[in-house]
Amino acid sequence: MAWLLLIGAALLEVVWALALDRSDGFTRFVPAAIGVTGAVLSFAMLTFALRDLPTGTAYAVWVGLGAVGVAVAGILALGESASPARLACLFLILAGVVGLKLAEG
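In this text the structure is predicted, and so the values were computed from the model without any measurement.

A. The nonpolar core, seen in detail. Ala 2, Trp 3, Leu 6, Ala 9, Ala 10, Leu 46, Ala 49, Leu 53, Ala 58, Val 61, Trp 62 and Val 97 together form the largest nonpolar core, which totals 12 residues. Of all the elements in the fold, those that place two or more residues in this core are α1 (2–22), α2 (29–49) and α3 (55–78). Ranked by residues supplied to this core, first place goes to α1 with five residues. The contacts of Leu 46, once residues within four sequence positions are left out, are Leu 6, Ala 9, Ala 58 and Trp 62.

Written as structure tokens, this is what we have:
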């Protein structure tokens, strides 16, 4: 259950990051509200996951999946670069997340 909470928290990290980008410096209410709500829910889910997972592992997975998710969303929806080097680096982050899960046993 802790891993599902952690993955959900990471997905919400993607939501809040993209929403805050769209809030235009908190000048647009709906994206700002979605961003703040998503951040609070993401932190809450991370907090519950930390009950059963080591802090270092949980935080690294949360940040890693969130970073990859935001970068992929930027590539797919915002026209950001999908250079081979960038994609390779995103793959390395994912490999690290999988490695942390496997090492958790």
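Still more to cover.
B. Up close: the packing of aromatic side chains. Scanning the model with the defined rule gives two aromatic pairs in all. Here the aromatic rings of Phe 43 and Trp 62 are separated by 5.6 Å at their centres, their planes lie at 50°, and the arrangement is tilted. Note that Phe 43 is positioned in helix α2 and Trp 62 in helix α3, a separation of 19 residues in sequence. Accessibility expressed as a relative area gives 43% for Phe 43, which makes it partly exposed. Classification of Trp 62 as buried rests on a relative accessible area of 5%. With centroids separated by 5.7 Å and ring planes inclined at 45°, the aromatic side chains of Tyr 59 and Trp 62 adopt a geometry described as tilted. On the criterion of helical spacing, the pair formed by Tyr 59 and Trp 62 is a turn pair, its members being three residues apart in helix α3. Residue classification places Tyr 59 among the partly exposed residues on the basis of a relative accessible area of 48%.

Conventions we followed
- Residues numbered from 1 in each chain as written.
- Predicted model: local features only at pLDDT ≥ 70, side-chain atom pairs only at ≥ 80, totals over all residues.
- Heavy atoms only, no water.
- Core = buried A, V, L, I, M, F, W, Y, C linked by side-chain atoms within 4.5 Å.
- Buried < 20%, exposed > 50% of the residue type's maximum accessible area, 1.4 Å probe, protein only.
- Helix = DSSP H or I, 4+ residues; strand = E, 2+ residues; numbered from the N terminus.
- Contact = heavy atoms within 4.5 Å.
- Phe/Tyr/Trp six-rings, centres within 6.5 Å; stacked < 30°, edge-to-face > 60°.

Function cannot be read off these values alone, since they describe shape.
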